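Residue-level structure breakdown
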Amino acid sequence: MERTLLLAKPDAVQRGLVGEIISRFERRGLQIVGLKLLAISTQLAKEHYREHVGKPFFKPLVEYITATPVVAMVVEGPNAVELCRATIGATNPVAATPGSIRGDLSMQVGRNLVHGSDSVKSAKREVKLFFKTSELLTYKRATQRWITE
Ligand code: IDP
Ligand code: MG
């Protein structure tokens, strides 16, 4: 079973889209195992986005993600990483398929609403950055057998 980190970024919080965004993952069948509202510090932002250090959009990216609180979430399910990336849509909303979160609700790469880990390895690293082990809960859903075989 995979786990992945999702962020409803500051634009999602500001635009009142947090519920809609969480709902997309819930309705897909993913199980929420961790959830919180937090202000991302500059230090956490730089660590989280360390692969982008030196790129021209790095500074505005850090300013964007630290501007106001975000909602951080860990979801679980078979192929959770890939499923969530598909539900989120392409990085640039112009290229994001309608039906995806970015393809339905956003217009520009610098305001693309959601983060989702890009691999199982990244997911492990990012989940640890945002959540303590004690904040991730294991529980059974009564509906589980109607969601996965
Ligand atoms: P991802 O969020 O789809 O994984 P990444 O390439 O990891 O995309 O980039 C991280 C974030 O940095 C993007 O979601 C977006 O907010 C921002 N970003 C990426 N490329 C650009 C760019 O060319 N201009 C402005 N912002 C960008
Ligand atoms: Mg990425």
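As a starting point, this report considers the structure included with it. (Residues numbered from 1 in each chain as written. Chains lettered and ligands numbered in written order. Predicted model: local features only at pLDDT ≥ 70, side-chain atom pairs only at ≥ 80, totals over all residues. Heavy atoms only, no water.)

A look at the nonpolar core
Defined as follows: By nonpolar core is meant a set of buried Ala, Val, Leu, Ile, Met, Phe, Trp, Tyr and Cys residues that side-chain atoms within 4.5 Å join together. Throughout this description, buried means an accessible area under 20% of the type-specific maximum (1.4 Å probe, protein chains only), exposed means over 50%, and partly exposed covers the range between. Strands here are runs of E lasting at least two residues and helices are runs of H or I lasting at least four, both read from the DSSP assignment and numbered beginning at the N terminus. It only takes one pair of heavy atoms within 4.5 Å for two residues to be counted as in contact.
Residues Leu 5, Leu 7, Leu 38, Ile 40, Val 74, Phe 130 and Phe 131 are the most contacted members of the largest nonpolar core, which totals 20 residues. Secondary-structure elements contributing two or more residues to this core are β1 (2-8), β2 (31-38), α3 (42-48), α4 (58-66), β3 (70-77) and α7 (120-130). With five residues, α4 is the single largest residue contributor to this core. Contacts of Ile 40, omitting those with residues within four sequence positions, involve Leu 7, Ala 45, Ile 65, Thr 66, Val 70 and Phe 130.

Some thoughts on the sheet that holds strand β4 (residues 114-116)
The condition is simple: Strands are treated as partners if at least two bridges between them are detected by DSSP. Helix axes use the C-alpha atoms of the stretch in contact, all axes being lines fitted to C-alpha atoms, and the angles between their N-to-C directions lie in the range 0 to 180 degrees.
The strand order across the open sheet built from four strands is β2-β3-β1-β4, with neighbouring strands paired in antiparallel fashion. The sheet is open, and its two borders are formed by β2 and β4, each paired with just one other strand. For this sheet, the mean angle separating the axes of adjacent strands, direction not counted, is 15 degrees. The pairing of β1 with β3 spans seven bridges and is classified as antiparallel. Bridging across to β3, Ala 8 finds its partner in Val 71.

Remember, this is a structural readout, not a statement about activity or role.
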